[in-house]
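Structural description and commentary
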Amino acid sequence: MKRDFLGRTLAVINDFSVEEQLFLYKSTQKLKEKIRNKEDVSEFQIKRETGIYIVFVEPSTRTKESFINAAKFHKNAKVNVFDSEHSSFNKQESYVDTFNMLTGYSEYSIFILRTRLEGVTRLLEQKVGEFAERHGIERPAFINGGDGKHEHPTQELLDEFTFLEQMNFDNSHIRIALVGDLLHGRTVHSKANGLKVFKNVEVDLIAPEELQMPKSYIEKMKRNGFEVRLYSSIDEYLETTNPAPIWYFTRLQLERMGEDILEKAHLLKKAVTFRKDMLDKIPEGTKFYHPLPRPKVDPEIPTFLDTLPLNGWEHQAINGYWVRVVLLSMLGGALLADFDTTKKREELPDDFIIPAPIVDGTKGVAKEGKRGIKPISNGTVIDHIAKGKTTEEIYNTIVKIRKILKIYDVDSADGIFKSADGNYKGYISLPDKYLSFKEIKKLAAISPNTTVNIIKDSRVVEKYRLQLPPRIYNFDEIRCKNENCITNPAHGENVSASFIQVDGKFVCEYCETPHEYHEIWNVK
């Protein structure tokens, strides 16, 4: 049984199970008690030779400095603060090449990375891990210090630890209000999974419509069993007369906003800024939190709150140091769990191409021939294309199939007709052409619920019904629609897009942007 956390990556909060997160929180509580009692804390210090690289390509103060100081707690570690302003990134070297090089400089490495691009940490976990295995080097650990508007998992760790402290480490229930820029704020996005450490979760989302939590994260919260309520302003929320005991504010992320939102940012900010006249509506014992920094002009939590018991953000910020010390202790092998820490990867099923019974050797060829399909002696008939959709949608799907599969055979034919149940569907008839298994897999991703008939000597000898595949990857024609994703060709990292199916949608494996299946195809 693996008990250490060596070589583990924290790209998103979900990379640590609830059990692993609770282990980190209890260990942090223990470390703080030992420090308070002036006891020996050597059990938390990394013992082996370890290179800790702090690489912040995006500017930061709190996260960067807390990690630098947390790394220095580990006296045997070699701490390297990577100067990205004068680095190989400015010489157009890829992320993968840069971190491959750095991995070779230590017996074991931990990388802490902050970037504007999303999904970089996941990419490095895969590619640099492969590099390490090729050269007999121990697989390094990676920590996401924040990537674009995607996630900030270490902030989520210190937030959840702080909430647990407030609740005397009772994780049976939490009710929390998330206030501010919920659209762009990566710290609140991490809470869609981070709050799972509590057994019962209620989330009140307070933001004007233009800054409300993205639908994909709300859906994720609901899938996790959270009770979710939406409010457009603090004023509307306080009219409920039953506000949450924990409020989590985020600043307006002006640097990530489009011009349409920036034009009315001052109005949007009023909806999520606390005022003095609201104080008498806040129950005793309530705490306000904020990942910081807060703006020096018109902050969401004004400075008059600093000396009031509502102030929980200062203690929260201090906790960032202790949580990151323990996180490095875990990834550096100093702390061992009493449970199996092997990262469990979900095995994706490969049964989306389903053999179908053949009732009649010619059925589906001759019968449909009466409706305009010319029967073929040998080849493939793709049937039930976009069944139930409009004729325009069916036609566009047929065109997409031909373009992506490069079906330009002169003798092939296609068409649209009404089936017996009254729905329209499309077909493509391919004389003397047989689709490869890879092409059939690609077809399932382009047009699920399609049927493929393999015909030999005028008889259907094989028939397959295609469902949505659990994963779509290794196709040149797929593209993540998130312009800030590491897979976007504009960033020059040569990373192939990859998508995992979640509840009928395809989620980018790197930046976690959800797509409808037809959105992933980059076909003009």
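Residues numbered from 1 in each chain as written. Predicted model: local features only at pLDDT ≥ 70, side-chain atom pairs only at ≥ 80, totals over all residues. Heavy atoms only, no water.

Remarks on the confidence of the model for the chain
In plain terms, the rule: Confidence scores here are pLDDT values: one per residue, from the predictor, ranging 0 to 100. Numbered from the N terminus, helices here are DSSP runs of H or I no shorter than four residues, and strands are runs of E no shorter than two. The criterion used for residue contact is that any of the two residues' heavy atoms lie within 4.5 Å.
For the chain, mean pLDDT is 89; residues scoring 70 or higher make up 93% of the total. The least confident element of the chain, judged by mean pLDDT, is helix α13 (residues 366–369) at 43; the most confident is strand β7 (residues 201–206) at 98. This model gives residues 361–372 a pLDDT under 50, and the stretch forms 20 contacts once residues within four places in sequence are excluded.

A word on unusual backbone geometry
What counts here: Working definition: with a 1.4 Å probe on protein chains only, accessible area under 20% of the residue-type maximum means buried, over 50% means exposed, and in between means partly exposed.
For the peptide bond that leads from L292 to P293, omega is 5°, which places it in the cis range. Its place among the elements puts P293 in the loop between β10 (287–289) and α12 (313–331). Positioned with a positive phi, T241 is a non-glycine residue whose angle comes to about 60°. Following the sequence through the fold, T241 ends up in the loop between α9 (234–238) and β9 (246–250). Here the phi dihedral of N449 falls at roughly 70°; this positive angle occurs in a residue that is not glycine. Tracing the sequence through the fold places N449 in the loop between α15 (437–446) and β15 (451–456). For N449, a relative accessible area of 59% translates into the label exposed.

Focus on the packing of aromatic side chains
Formally: Planes of paired rings set the category: under 30 degrees apart is stacked, over 60 is edge-to-face and the rest tilted, where pairs are Phe, Tyr or Trp rings (Trp by its six-membered ring) whose centres lie within 6.5 Å. Geometrically, a lysine NZ or arginine CZ counts as sitting over a ring once it is within 6 Å of the ring centre and also within 35 degrees of the ring normal.
Per the stated rule, a full pass over the model turns up 21 aromatic pairs. Seen in terms of ring centroids, F5 and F23 are 5.7 Å apart; in terms of plane orientation they differ by 25°. Their pairing is stacked. With F5 in the segment before β1 (9–10) and F23 in helix α1 (residues 18–36), this residue pair connects regions lying 18 residues apart in the sequence. For F5, a relative accessible area of 0% translates into the label buried. On the basis of an interplanar angle of 25° and a centroid distance of 6.1 Å, the ring pair of F475 and W521 is categorised as stacked. Of this pair, F475 sits in the loop between β17 (471–473) and β18 (498–502) while W521 sits in the segment after β20 (514–515); the two residues are 46 residues apart in sequence, bridging distant segments of the chain. In terms of burial, F475 and W521 fall into one category: buried. Sitting over the ring of F304, K276 keeps its end group 5.4 Å from the ring centre. Against the face of Y473 rests R471, its NZ or CZ located 3.9 Å from the ring centre.

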